[in-house]
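# Close look at the chain arrangement
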Amino acid sequence: MWWSRVSTCLYHNSPKIACIVTGMRCPFCSTDDDRVVDSRLAEDGVAIRRRRECAACGQRYTTFERIEEVGLVVVKRSGEREPFDQSKILMGIRAACKNRPVDERVMEGIAATVEESMRLLNRDVSSEEIGRATLDAIRPIDDVAYVRFASVYKGFEGTEDFAREIGMLVKSTAPKLRN
Ligand SMILES: [Zn+2]
């Protein structure tokens, strides 16, 4: 499958969240060598409170590690910018998969994969890139859904466009069928 992890957040293991940890030095002697004696969630789970003990002077102090949602910005064809919205992608996938044997959970998986791959780029993304990533993710799942999504994404205007896309699809999957 095509799952990948984006974030290295130890506490959430989620691509949507990254932990921002500031450098810590002992407020008494400025040594940055300490041991954590206690950790707990604070502020309704958006921060982690740690009790630390300085290895050099033995003083104890408290740090807060804040967790921030990393914003992903989408640049639309019009140049307009908006926050990334996974539900919009899911809507497009659902439309393409209508009446096809594709499980809702698979569709959600595609949307999540697209979001993760966009976050991996670590920059603003265009709606075109999102469309391309979605198309690529749908392709191995369902041929009909793929062509439907391609018709929207690539702006098909006539039957020739469909014929060309299906032709390419058949060509690229043909070697597999012979196996
Ligand atoms: Zn110290």
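Heads up: these notes are all about the structure in this document. (Residues numbered from 1 in each chain as written. Predicted model: local features only at pLDDT ≥ 70, side-chain atom pairs only at ≥ 80, totals over all residues.)

## Description of the overall build of the protein chain
Helix and strand counts for the protein chain stand at 5 helices and 7 strands. Residue burial in the protein chain is summarised as follows: out of 179 residues, 15% are buried. When contacts within the protein chain are restricted to residue pairs at least 6 apart in sequence, long-range pairs at least 24 apart make up 43% of them. (Helix = DSSP H or I, 4+ residues; strand = E, 2+ residues; numbered from the N terminus. Buried ≥ 20, exposed ≤ 12 C-beta atoms within 10 Å, placed from the backbone. Contact = placed C-beta atoms within 7 Å.)

## With respect to the sheet that holds strand 6 (residues 81-83)
Taken together, the 3 strands give an open sheet; going across it, the order is 6-5-7, and neighbouring strands pair in mixed fashion. The strands lining the two open edges of the sheet, one partner per strand, are strand 6 and strand 7 (125-126). (Pairing = 2+ DSSP bridges.)

## Examining helix 1 (residues 86-96)
Within helix 1 the residues assigned to the buried category are Ile89, Gly92, Ile93 and Ala96. For helix 1, the angular spread of the buried residues around the axis is 100°, confining them to a single face. Counted as exposed and oriented over 90 degrees from the buried face of helix 1: Ser87 and Ala95. On its buried face, helix 1 is in contact with helix 2 (104-120), helix 3 (127-138) and helix 4 (143-153). (Arc of directions from axis to C-beta.)

## Overview of helix 4
Among all positions of helix 4, only Ala145, Tyr146, Arg148, Phe149 and Ala150 are buried. Immediately downstream of helix 4, the backbone of Gly155 shows phi near 65°, a positive value.

## Section: the packing of helix 1 against helix 2
Where helix 1 meets helix 2, the axes come as close as 9 Å, and the angle between the chain directions of the two elements is 135°. Put simply, helix 1 runs oblique to helix 2. Crossing of helix 1 against helix 2: the hand is right-handed. Contact with helix 1, carried on its side by Gln86, Ile89, Leu90, Ile93 and Arg94, involves Met107, Glu108, Ile110, Ala111, Val114 and Glu115 of helix 2 and no other residues of that element. When its residues are assigned to classes, the contact of helix 1 with helix 2 shows 7 nonpolar, 1 polar and 3 charged. (Axes fitted to C-alpha atoms, helices over the stretch in contact; angles between N-to-C directions. Parallel < 35°, antiparallel > 145°, perpendicular 65-115°, else oblique. Left-handed = near helix turned anticlockwise from the far one by under 90°. Nonpolar A, V, L, I, M, F, W, Y, C, P; charged D, E, K, R; others polar.)

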